[in-house]
Amino acid sequence: MREKNLVISKTASLIGTQFFSVFLSLWIVNSYSKASMLSLSLSLTSVVTIIFTLFGGAASAGTRIIRILCFLDLLSMGLCLVFAVMCLFGAKTRLTTYIILTTLNSLLSLNSSFSGPIFKKLTGIIVVKDKVLKYNEILSASKEIVRLVVPTVTSFMYAAGWVDAFLALAINGLSFLISFISIYNLRKFDASLVNAEKHKGSHYKEAVAAIFNEEKNIKKFLNIFLLYIFIAGINVLVPYYAVHIFKSSWLYGVLESSQSFGAILAILTFKFYKVDISLRKERVGLVLSALWLALVVPTQSKMIFIIGMAILAFYYLRYNVAFESYLQLSFRNNFLGEVYSLYYGLTSIAVLIGNTLVGILGDYNANLCFLTVSLSIGLINFAVLVASLKERK
C-alpha cells in the first residue's frame, strides 16, 4: 500500500506536468520560428533545477520529509492556479504569455528538483532493497503509460484549438492536488519515525567521497553527464523539427507517444530481456538508435523519425532504470538523498548545456544540428563500450 501511494503521487503529478510541458513546447514553436526561444525557456528551468536540487539533497537528511513533499505539492498547485488566472486576464500579448508560462515552468521545476532527492530518500525507506528493481519497473511503467497517452491527447487538442494556457495550468494544478493527497496519506510513515537518529544533518561529504573514491562511479557519472547533454538536444529539436521541418504540430504528439511506446515495450520485456546494471546492453542499443535517428536528415522520413524515437526511448529507459537501480543498490541509504541530489544536479547542468547549445545552433541549421546530436549519442556510448571491452581483456 505504501509503495502504491508513491506510484500514484508520481503518476498524478506527471500527468499534469506532461500536459503542460507539451502545451508549452507547442505554443512556443508555433508562436516563434526560432528554436532558441524554446531553448531559453528550458534553460531557465534547468538553472532553477541546478540550484534547488542541492537544497533538496540537504532537506532529504531531515526528519519531516513527507511534510516537505506535501508543502511542495500545495505550493505548486497554488502557483498553477495563480498563473492560470494571470493568463486568463493579464496575458494581452504573445510576449506577455511567453514570460508568464516560462516563469511558471521555472518555478514548477523547483518542486521536481527540490523534491527529487527527498522522494528517492523516502523510497529507500519504504521500499525494501530486494524490491527496488521491481518498484522501479512499476513506476517506469506508470510513467510511460502517461507519456504514451498524454502527449497525443494534448497535441490533438492543441491542433483542434481545444486547449489554452488556462486549461493546461488548471489540469496541472489538479494533478498536484492528487499527488498531495497520496503523499499526505503516508504521513504516519514519516522518516522521523523510522530512523530519526540516523539521519540528522546533511551527508554531502560522505556522498561525494562515496562517488569519487571509486573509479567506476566517476566513469558512470561522467558518461551519463555527456549522454544527457545530447538527449537534451534531441528534446529541444523534436518539437522544432516536427513543426518547422515537417510542418506538423500533431507529429510532435505522435513522436512523444512513440517514445512512450518504446519505453513501455522495454518494461514489458524486462522479464526475459534483463536490465544490465553494467549498462553494456543498453549502450549497444543507444548506439543503434542513434544511427537510425541520423537517417532522418537525409531521408526526411516521418516514419523513420517515429520509429527512431521509439528505439531510442526503449534503450534510454532501460539505461535509466539500470543506472538508478545501481545507485540505490550501491550507496547507503543514510546519504542516498545526497547522492541523488548530486546526480540530479549534474544531469541538470548537462541539460542546461544541451538546451543552450542546440537552441542556438538549431536556429542556423536544424538538419546539421539534428545529425550532429544523433551521431554524438552513438559515439559517446560506442567509446564507452570499446573502453569496457579493453578493460575486460
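Residues numbered from 1 in each chain as written. Predicted model: local features only at pLDDT ≥ 70, side-chain atom pairs only at ≥ 80, totals over all residues. Heavy atoms only, no water.

Would you mind showing me how to read the overall build of the protein chain here?
Of regular secondary structure, the protein chain possesses 15 helices and zero strands. Over its C-alpha atoms the protein chain spans a radius of gyration of 20 Å, differing by no more than 12% from the 21 Å that the globule rule assigns to 393 residues. Its C-alpha atoms give the protein chain principal-axis dimensions of about 60 × 55 × 35 Å. Across the 393 residues of the protein chain, 58% fall into the buried class. Look at the contacts in the protein chain between residues 6 or more apart in sequence, and 88% of them connect residues 24 or more apart. Of the roughly 16,900 Å² of accessible surface on the protein chain, a fraction of 69% belongs to carbon and sulfur atoms. (Helix = DSSP H or I, 4+ residues; strand = E, 2+ residues; numbered from the N terminus. Rg over C-alpha atoms; globule rule 2.2 N^0.38 Å. Buried < 20%, exposed > 50% of the residue type's maximum accessible area, 1.4 Å probe, protein only. Contact = heavy atoms within 4.5 Å. Areas by Shrake-Rupley, 256 points an atom, 1.4 Å probe, with all protein chains shown as cover.)

Would you mind showing me how to read the pattern of salt bridges here?
Side-chain pairing between opposite charges can occur once the charged atoms of the two side chains come close. Applying the stated criterion across every chain yields a total of three salt bridges. Where Lys-216 meets Glu-214, a salt bridge forms, and the shortest distance between an N and an O atom there is 4.0 Å. Owing to a relative accessible area of 48%, Lys-216 belongs among the partly exposed residues under this scheme. Glu-214 gets classed as partly exposed once you look at its relative accessible area, which sits at 39%. (Salt bridge = Lys/Arg side-chain N within 4 Å of Asp/Glu carboxyl O.)

Please explain the state of the cysteines as it appears in this structure.
What we call a disulfide is simply a covalent bond connecting the sulfur atoms of a pair of cysteines. As enumerated under the stated definition, the model contains zero disulfides in all. We note that Cys-87 lacks a disulfide partner, and the nearest cysteine sulfur, in Cys-80, lies 10 Å from it. (Disulfide = S-S within 2.5 Å.)

Before we go on, may I ask you to explain the nonpolar core in this structure?
Inside soluble globular proteins, nonpolar side chains tend to come together where they are buried. Counting 96 residues, the largest nonpolar core has Leu-101, Ile-234, Phe-305, Leu-327, Tyr-343 and Phe-370 as the members making the most contacts within it. When residues no more than four places from it in sequence are discounted, the contact partners of Leu-327 are Phe-221, Leu-336, Val-339, Tyr-340 and Tyr-343. Of all hydrophobic cores here, the second largest spans 22 residues; its members include Leu-110, Phe-114, Phe-119 and Ile-183. (Core = buried A, V, L, I, M, F, W, Y, C linked by side-chain atoms within 4.5 Å.)

Would you take a moment to explain the layout of surface pockets for this structure?
Empty space among the atoms becomes visible once a probe the size of a water molecule is rolled across them. Here the largest pocket defines a volume of roughly 360 Å³. For the largest pocket, the lining is made up of 13 residues, of which Lys-219, Arg-283, Val-384, Ser-388 and Glu-391 are closest to its centre. Broken down by secondary-structure element, the contributors of at least two residues to the lining of the largest pocket are helix H9 (215-245), helix H11 (280-294) and helix H15 (366-392). (1 Å grid on protein atoms, 1.4 Å probe; cavity = no way out; pocket = protein on both sides within 12 Å on 5 of 7 lines; lining within 4 Å. Points joined across faces, edges and corners; volume = space filled by probe spheres on them.)

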